[in-house]
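If you want the building blocks of each chain, they are given just below.
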Amino acid sequence: MTAKFKIMLPLFTLIAMLTACASTRQLQTLKEAANHSEWQTIADAKVDCDDEDDACQQMHLLKGDACYRLAKQTTEKLKNYQCAAEQLQLGIQHIPDWKSIAPIVGKPEQYYENWCESLRLLRSEQNNNANAATYNQKLLDCAQGFSQKAETLQSAASFFLYNAELAAIRLQPFGPDTCPALRQLQHKQALATQEAAHSAYAENHKRLLDDITGIKSLVPGCYP
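Residues numbered from 1 in each chain as written. Predicted model: local features only at pLDDT ≥ 70, side-chain atom pairs only at ≥ 80, totals over all residues. Heavy atoms only, no water.

Secondary structure assignment for the protein chain yields ten helices and zero strands. Listed by position from the N terminus, the elements making up the protein chain come as α-α-α-α-α-α-α-α-α-α. Overall size of the protein chain, expressed as C-alpha extent along the three principal axes, is 75 × 45 × 35 Å. Burial statistics for the protein chain: of 224 residues in total, 43% are counted as buried. For the protein chain, the proportion of contacts with a sequence separation of at least 24, taken over those separated by at least 6, is 60%. Looking at the protein chain as shown, the accessible area adds up to about 12700 Å², and 54% of this sits on carbon and sulfur atoms. Here the protein chain contributes 22 positively and 25 negatively charged side chains, and the mean placements of these two sets differ by 2 Å. (Helix = DSSP H or I, 4+ residues; strand = E, 2+ residues; numbered from the N terminus. Buried < 20%, exposed > 50% of the residue type's maximum accessible area, 1.4 Å probe, protein only. Contact = heavy atoms within 4.5 Å. Areas by Shrake-Rupley, 256 points an atom, 1.4 Å probe, with all protein chains shown as cover. Lys, Arg positive; Asp, Glu negative; His and termini not counted. Charge placed at Lys NZ, Arg CZ, Asp CG, Glu CD.)

Next comes the structure, spelled out in structure tokens:
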């Protein structure tokens with residue numbers, strides 16, 4: 001090893017330690033803001049850190065949660081749903097082990113639910129099929145992950161999953177595969193609607209089943 005690298009290695013280590021300390025301090029600041037429901041303060045915070053760091057992952061989740069709360073309060077809805085979708089994705093996808101972090105941040109299903117809902121609403125705001133399809137693919141990915149992590153929110157996970165599957169069919173021109181795909185989805189959604197009958201998502205599932213039935217009626221030879 002040259003003298004140059006003997007000097008630089010400790011410098012890199014020092015920079016990494018300082019970065020980690022800065023992330024920890026910022027995380028504590030954001031947690032204090034959350035304790036006082038200062039959602040705008042958290043949403044405005046710049047989270048620029050190593051996504052593999054535990055503190056960084058928590059900050060993304062905190063910021064995503066804050067942006068989602070602001071969007072639900074009708075504060076710059078699209079801007080905050082976009083922020084929520086991006087930040088929750090960063091936080092969720094960089095957590096290698098939820099079991100170890102759940103005691104600190106809570107179970108993953110609530111974050112998945114808010115991430116999926118943000119994507120669903122962003123998809124509905126797109127003015128062309130290509131953009132809508134991009135958001136729908138993200139929603140499909142979110143819903144698939146949600147289905148694997150859901151415990152008490154399984155009805156929510158299945159709603160987002162089948163909602164995304166229906167949108168994927170609707171965003172494509174009708175063809176010979178459309179009717180079989182709708183029939184299969186209708187069968188799955190009918191079961192999901194029964195299972196969600198006493199959940200907070202009961203009405204969502206009923207409407208989704210009605211939507212599937214309605215679209216089927218538009219496909220020649222596919223109704224009933």
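Spanning 21 residues, helix α7 (residues 129-149) covers 30 Å between terminal C-alpha atoms, matching the ideal 30 Å at 1.5 Å per step. Every buried residue belonging to α7 is among Ala132, Tyr135, Asn136, Leu139, Leu140, Cys142, Ala143, Gly145 and Phe146, and all of these are buried. On its buried face, α7 is in contact with α4 (77-93), α6 (108-124) and α8 (154-170). Backbone nitrogen of Ala130 and a side-chain oxygen of the N-cap are separated by 3.1 Å at the start of α7; the cap is Asn128. (Expected span 1.5 Å × (residues − 1). Polar contact = N/O pair within 3.5 Å; in protein donor to acceptor, adjacent residues only side chain to side chain.)

A separate point is the packing of α7 against α8. Helix-helix packing: each pair is described by the crossing angle between the helix axes and the interaxial distance. Viewed as axis vectors pointing N to C, α7 and α8 meet at an angle of 150°, and their least axial separation amounts to 8 Å. Classified by the angle their axes make, α7 and α8 are roughly antiparallel. The two elements α7 and α8 meet at a crossing, and its hand is left-handed. Residue-level contacts link Asn136, Leu139, Leu140, Ala143, Gln144, Phe146 and Ser147 of α7 to Gln154, Ala156, Ala157, Phe160, Leu161, Asn163, Ala164, Glu165, Ala167 and Ala168 of α8. When its residues are assigned to classes, the contact of α7 with α8 shows eleven nonpolar, five polar and one charged. (Axes fitted to C-alpha atoms, helices over the stretch in contact; angles between N-to-C directions. Parallel < 35°, antiparallel > 145°, perpendicular 65-115°, else oblique. Left-handed = near helix turned anticlockwise from the far one by under 90°. Nonpolar A, V, L, I, M, F, W, Y, C, P; charged D, E, K, R; others polar.)

The subject of this paragraph is the nonpolar core. Core analysis: the biggest nonpolar cluster contains 63 residues, and Leu61, Trp98, Trp115, Phe146 and Phe160 have the highest contact counts within it. Among the elements that line this core, the one with the most residues is helix α3 (residues 54-72), at ten residues. If we skip the residues at most four places from it in the chain, Trp115 touches Ala85, Leu88, Gln89, Ile92, Gln93 and Cys142. (Core = buried A, V, L, I, M, F, W, Y, C linked by side-chain atoms within 4.5 Å.)

So, on to the confidence of the model for the protein chain. Mean pLDDT for the protein chain: 90, with 90% of residues reaching 70 or above. Ignoring residues within four places in sequence, the model shows residues 1-19, a span with pLDDT below 50, making one contact including any to other chains. (pLDDT = per-residue confidence, 0-100.)

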